[in-house]
Amino acid sequence: MIDRRNIEAVSEPAIAGHFFRIPRLSGRIVGLWPQPSGRGRPWYAHLLFVFAFVVVLVGAVGEVSYGCVHLDDLVVALEAFCPGTTKAVCVLKLWVFFRANRQWAELVRRMKDMLWAARRQESQQMLVELATTASGLSLLLLSSGTMTNTAFNAQPLIMGFYRWIFDLPGQIELPFNIIVPSFAVKPPLFPLTYVLLTASGACTVFAFSFVDGFFICSCMYICGVFRLVQHDIRKIFTDLHGESVDVFTAAMNAEVRQKLAAVVERHNAIIDLCTDLTRQFTVIVLMHFLSAAFVLCSTILDIMLNTSSLSGLTYICYIIAALTQLFLYCFGGNHVSESSSAVADVLYDTEWYKCDARTRKMILMILRRSQRAKTIAVPFFTPSLPAFGSILSTTGSYITLLKTFL
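Model, not experiment: these values are computed from the prediction.

Right, let's talk about the overall build of the chain for a bit. Per the secondary structure count, the chain includes 11 helices and zero strands. Starting at the N terminus and ending at the C terminus, the chain contains elements arranged as α-α-α-α-α-α-α-α-α-α-α. The C-alpha extent of the chain, read off along each of the three principal axes, is 90 × 65 × 35 Å. In the chain, which comprises 406 residues, the share counted as buried stands at 51%. Sequence separation of 24 or more characterises 81% of the internal contacts of the chain that already satisfy a separation of 6 or more.

Shown next as structure tokens:
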């Protein structure tokens, strides 16, 4: 008897094993991985989401409040504002994905259909390379976030151990500067409070690893299907073997138009997918970019003003994670824009001049639409590598200005 699961496994393309590998893991940990339509969310996913959302929200409110209360001590305030701002943005990301879970699931299904449709070996190899890059960047994001959270949680323990070794006066320290009820930092609740704050940091890491990783993977997959369109356009003219003729025959022109019609349909589907992805990510990208300069500026200032080498090391880890987040948004957006506009370049390099007027008009229509590069544009921002450089430049200007007042 033939096992149906074995048949399905054999029939799956090479990209199947790389599809949203890291974001899927992080999304399931926080109970937010989009479920296929017609399949309800399991009960444990709801519990995981509620727990992650609550602990991250408590961390965001408590840390931002602590920073506002201690504005007289800039170093202490910055130590609260930096992780507090990140958690506040993560609360927004979690809510956006939870509220529109069905729309996210539909986007995942459409992306999967496009990637699974390309069965040629060279196409799958190209897609796997892009997916491997996306997985590597997502893993870098998860690793940098985990390293930062570990540094925050280990710092009080190291300092407590140091005081115990040298018999110094002890004091209660939590992983983050946060306002909590007084009874929560007294025995026997103190260990529980410490563990919950550790969980808050871990859920924050998994939340942005899922959401930001979902973005970079989606961008790389869209880049891949744009490249498949480019490959198909080249193949249309290569298969004609038109090098021996100066003008294509009526039959050759008809074949070009028929194959271009299929390409146009796929190209429109990709553009629609990109538009829907942009619509879903608009609030997330906007808030992330609005907070990016503040987070980077606050982190660098904290490193400059902090006299504790251990705290300085913690915030070096933090700035690596923050820069990784920002870079992934800009890197992904830049790849989508470049691969979209490259379709026009490929069309122009074909033997369009050998076609008749009707075919050339069709090529011109595709060319003009391709020249308007598709971008992940949100109000005030378009994620791209120039935008990444601009934010870093703005952050440097803020730091220079603030140093004149310190």
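With a probe scaled to a water molecule rolled over the atoms, the places where space remains empty come into view. Enumeration according to the criterion identifies one cavity of 30 Å³ or more in this entry. For the largest cavity, the lining is made up of 26 residues, of which T86, T204, F208, Y318 and Q325 are closest to its centre. The set of elements that each furnish at least two residues to the lining of the largest cavity consists of α4 (74–99), α6 (121–165), α7 (190–238), α8 (250–305) and α9 (309–348). A per-element tally of the lining of the largest cavity places α4 first, with seven residues. Here the lining of the largest cavity is composed, by residue class, of 14 nonpolar, 10 polar and two charged.

What follows is about the layout of surface pockets. The computed volume of the second largest pocket comes to approximately 440 Å³. Forming the walls of the second largest pocket are 21 residues, and the residues nearest its centre are E79, Q155, E173, L174 and N177. Mapped by element, the contributors of at least two residues to the lining of the second largest pocket are α4, α6 and α9. Considering every element that reaches the lining of the second largest pocket, the biggest residue donor is α6, with five residues.

We now examine the packing of aromatic side chains. One pair of aromatic rings is described through two measures. These are the centre distance and the angle between the planes. Taken as a whole, this structure holds 33 aromatic pairs when the rule is applied. Geometrically, the ring pair formed by W33 and F210 is edge-to-face, given 6.2 Å between the ring centres and 65° between the ring planes. On the criterion of sequence distance, the pair formed by W33 in the loop between α2 (21–29) and α3 (43–69) and F210 in helix α7 is long-range, its members being 177 residues apart. Across the pair, exposure class does not vary: W33 and F210 are buried alike. Ring pairing ties together the aromatic residues F19, F20, W33, F97, W104, W116, F210, F214, F215, Y221, F281 and Y329, which thus form one cluster. Lying across the ring of F176, K87 places its NZ or CZ 3.7 Å from the centre. The lysine or arginine in question, K112, covers the ring of W116, its NZ or CZ lying 5.1 Å from the ring centre.

The next subject is the confidence of the model for the chain. Mean pLDDT over the chain: 86, with 93% of residues reaching 70 or higher. Per-element mean pLDDT across the chain ranges from 48 in helix α1 (residues 4–11) up to 94 in α2.

Time to look at the nonpolar core. Among the nonpolar cores identified, the biggest contains 111 residues, and F20, F97, W104, F214, F281 and F289 are the most heavily contacted of them. Top contributing element to this core by residue count: α7, with 24 residues. When residues no more than four places from it in sequence are discounted, the contact partners of W104 are P34, V96, F97, F214, L277, Q280 and F281.

Here α4 crosses α7 at 55°, and the two axes come no closer than 9 Å. As summarised for this structure, α4 and α7 are arranged oblique, according to the angle between their axes. Crossing of α4 against α7: the hand is left-handed. Touching T86, K87, C90, K93, L94 and F97 of α4 are S200, G201, T204, A207, F208, F210, V211, D212 and F214, all from α7. For the contact of α4 with α7, the per-class residue count stands at eight nonpolar, four polar and three charged.

With that settled, consider the packing of helix α5 (residues 101–117) against α7. Look at α5 against α7: their axes get within 10 Å of each other, and the N-to-C directions meet at 35°. Where α5 crosses over α7, the handedness of that crossing is left-handed. Of the residues in α7, those touching α5 at W104, V108, M111, M114 and L115 are F214, S218, Y221 and V225. In the contact of α5 with α7, the residues fall into eight nonpolar, one polar and no charged.

Moving on, we get to helix α10 (residues 357–371). Helical geometry note: an α-helix holds 3.6 residues per turn, so side chains three or four residues apart project in the same direction. Here α10 spans 21 Å end to end across 15 residues, near enough to the 21 Å set by a 1.5 Å rise per residue. Along α10, the residues that are buried comprise T359, M362, I363, I366, L367 and S370. Relative to the axis of α10, the buried residues are bounded by an arc of 135° and lie together on one face. Projecting away from the buried face of α10 at angles above 90 degrees are the exposed residues R358, K361, M365, R368 and Q371.

Inspection of every chain in the model, using the stated rule, returns 13 salt bridges. With a shortest N-O distance of 2.6 Å, D113 and R109 are connected by a salt bridge. With D113 and R109 both in helix α5 and four residues apart, this pair spans about one turn of that helix. Residue classification places R109 among the partly exposed residues on the basis of a relative accessible area of 38%. Note that E122 and R120 form a salt bridge whose closest N and O atoms lie 3.4 Å from each other. Judged by relative accessible area, E122 falls into the partly exposed class, the value being 43%.

What counts and what doesn't
- Residues numbered from 1 in each chain as written.
- Predicted model: local features only at pLDDT ≥ 70, side-chain atom pairs only at ≥ 80, totals over all residues.
- Heavy atoms only, no water.
- Helix = DSSP H or I, 4+ residues; strand = E, 2+ residues; numbered from the N terminus.
- Buried < 20%, exposed > 50% of the residue type's maximum accessible area, 1.4 Å probe, protein only.
- Contact = heavy atoms within 4.5 Å.
- 1 Å grid on protein atoms, 1.4 Å probe; cavity = no way out; pocket = protein on both sides within 12 Å on 5 of 7 lines; lining within 4 Å.
- Points joined across faces, edges and corners; volume = space filled by probe spheres on them.
- Nonpolar A, V, L, I, M, F, W, Y, C, P; charged D, E, K, R; others polar.
- Phe/Tyr/Trp six-rings, centres within 6.5 Å; stacked < 30°, edge-to-face > 60°.
- Lys NZ or Arg CZ within 6 Å of the ring centre and 35° of its normal.
- pLDDT = per-residue confidence, 0-100.
- Core = buried A, V, L, I, M, F, W, Y, C linked by side-chain atoms within 4.5 Å.
- Axes fitted to C-alpha atoms, helices over the stretch in contact; angles between N-to-C directions.
- Parallel < 35°, antiparallel > 145°, perpendicular 65-115°, else oblique.
- Left-handed = near helix turned anticlockwise from the far one by under 90°.
- Expected span 1.5 Å × (residues − 1).
- Arc of directions from axis to C-beta.
- Salt bridge = Lys/Arg side-chain N within 4 Å of Asp/Glu carboxyl O.

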